[in-house]
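# Overview (structure and organization)
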Amino acid sequence: MSKFHYLFLMALLLLGCAQQPDVRTTRHQLDDLSDQDKDGVINQRDLCADTPEGVLVDSQGCADWHTIQNFNVVSFFFDMDKSDIKSEHQTPLKELLGLLASNPESKAILIGDTSPEATLDYNRELAKRRTHVIRTLLVQNGVDPQRIEEQEFTQITSLTSQLKERHRRTIAVVEESTMSVKPSWTIFSSDSVLNPGSAVEVKNEN
C-alpha cells in the first residue's frame, strides 16, 4: 500500500470517528424528593398525602387506620318504687339526644335497674316500666323507635354483666365510633388495651 493510500485511509477513519453521534443522555431530576407531611416517605412515592404527624406509616406513606368504639353512658334516676318522668330528667335527656344526633348509626340501649328491695319479679317489672318511659320520652323527641333497645338488669348481656351495684335508674348506652391511627414508636410508647364495657358504671352515678 502506498503512503498516499495509507494516509487517505487514516483520514477516513478519523472522519468517521468525528461524525459518530453522542449517545449519552442527560437525565433531568423529575422526582420530588421532598417530604411534605414529614412521615419519612418522599412525595414521589407517598400515596397518602397529609398523613397526621407522629403516626406509623407503610412504605407508601399510608397510616394504619382502625376504628375505636367508645361507650357513652347517661343515667336517669327515679324515686323509690317509681317510674315517673321527673324534671331532673331533662338534663340527661338533652345529653342523650345530642349523642344520638352526633352518632346517627348508633342505637340507644336502655338498661332498666332498681334498688335491691322487693322481690326479683317485682323489680323486673319496675325496671321494664322505667326503660319504657325513657323510650317514650326519646320517641316524643323525634328518635326513631328502631334505634332504641331495651334491657333489664335481670338479663345477662355484655352490658348488664358490667353493672356492679343496684340503683333506681335507667342507664342509656350509646356507642360512638371514631377513627384512629397507630402512633409511631417512641421510647415513651406503651401498649394499651381498650375495654369499652368498663364504662357502663357511669361516672355520674349517685
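These numbers were taken from a predicted model, which means no experiment stands behind them.

## What about the overall build of the chain?
When helices and strands are tallied, the chain shows three helices and four strands. For the chain, the α and β elements follow one another from N to C terminus as α-β-α-β-α-β-β. Looking at the chain residue by residue over its 206 residues, the buried ones come to 30%. Contacts in the chain between residues far apart in sequence, at least 24 positions, make up 68% of those at least 6 positions apart.

## Quick notes on helix α3 (residues 120-140)
Helix length check: α3, at 21 residues, gives a terminal C-alpha distance of 30 Å against a target of 30 Å (1.5 Å per residue), a fit within 8%. By the burial criterion, the buried members of α3 are Asn 123, Leu 126, Ala 127, Arg 130, Thr 131, Val 133, Ile 134, Leu 137 and Leu 138. Projected down its long axis, α3 carries its buried residues within an arc of 150°, all on one side. Seen from the open side of α3, the exposed residues pointing more than 90 degrees away from its buried face are Asp 121 and Gln 140.

## Observations regarding the side chain of Thr 114
Considering the arrangement of structural elements, one finds Thr 114 in the loop between β2 (108-113) and α3. Within the local environment of Thr 114, its side chain forms a polar contact with the side chain of Arg 166, the two groups lying 2.8 Å apart. Here Thr 114 is in contact with Asn 123, Leu 126, Ala 127, Arg 130, Phe 153, Arg 166, His 167 and Arg 168, once residues within four sequence places are set aside.

## Overview of the nonpolar core
Judged by nonpolar contacts, the single largest core of 17 residues is most densely connected at Phe 76, Leu 96, Leu 100 and Leu 138. Listing elements by their share of this core, those giving two or more residues are β1 (65-77), α2 (90-102), β2, α3 and β4 (169-181). Dropping the residues within four chain positions of it, Leu 100 is found in contact with Ser 106, Lys 107, Ala 108, Leu 138, Val 143, Arg 147 and Val 174. Counting nine residues, the second largest nonpolar core, distinct from the first, contains Val 73, Ala 127, Leu 163 and Val 173.

## Things to note about α2
With 13 residues, α2 extends 18 Å between its outermost C-alpha atoms, agreeing within 8% with the 18 Å of an ideal straight helix rising 1.5 Å per residue. Taken together, the buried positions of α2 are occupied by Pro 92, Leu 93, Leu 96, Leu 99 and Leu 100. All buried residues of α2 fall inside an arc of 125° around its axis, so they share one side. Residues of α2 that are exposed and angled more than 90 degrees away from the buried face: Thr 91, Lys 94, Ala 101 and Ser 102.

## Digging into the pattern of salt bridges
Taken as a whole and judged by the stated rule, the model has six salt bridges. A salt bridge links Asp 113 to Arg 166, with the shortest nitrogen-to-oxygen separation between them at 3.3 Å. Taken as a pair, Asp 113 in strand β2 and Arg 166 in the loop between β3 (148-152) and β4 lie far apart in primary sequence, 53 residues in all. The class of Arg 166 is partly exposed, set by a relative accessible area of 31%. Ionic pairing is found between Arg 169 and Asp 113, a salt bridge with its closest N-O pair at 2.8 Å. Of this pair, Arg 169 sits in strand β4 while Asp 113 is found in strand β2, placing the two residues 56 residues apart along the sequence. Taken as a pair, Arg 169 and Asp 113 share a single burial class, namely buried. Sharing partners across several salt bridges, the network here consists of Asp 113, Arg 166 and Arg 169.

Each value, and the rule that gives it
Every chain begins its residue count from 1, and numbering advances along the sequence as written. Restriction of local features to residues with pLDDT of at least 70 applies here, the model being predicted, together with a cutoff of 80 or more for giving and counting side-chain atom pairs; totals for whole chains, interfaces and linings are based on all residues. Note: side-chain values were computed over all heavy atoms of the structure, leaving out hydrogens and water. Numbering goes from the N terminus for both helices and strands, where a helix is a DSSP run of H or I of at least four residues and a strand is a run of E of at least two. In this scheme, a residue with accessible area under 20% of its type's maximum is buried, one over 50% is exposed, and one in between is partly exposed, where area comes from a 1.4 Å probe on protein chains only. Should any heavy atoms of two residues lie within 4.5 Å, those residues are considered in contact. In a helix, the anticipated span is given by 1.5 Å times the number of residues less one. Directions drawn from the helix axis to the C-beta atoms are what define this arc. Two N or O atoms form a polar contact when they lie within 3.5 Å of each other; inside protein one atom must be a possible hydrogen donor and the other a possible acceptor, and for residues adjacent in sequence the pair counts only when both atoms belong to side chains. Nonpolar cores were defined as sets of buried Ala, Val, Leu, Ile, Met, Phe, Trp, Tyr and Cys residues, with membership established by side-chain atoms within 4.5 Å. Salt-bridge detection follows one rule: a side-chain nitrogen of Lys or Arg within 4 Å of a carboxyl oxygen of Asp or Glu.

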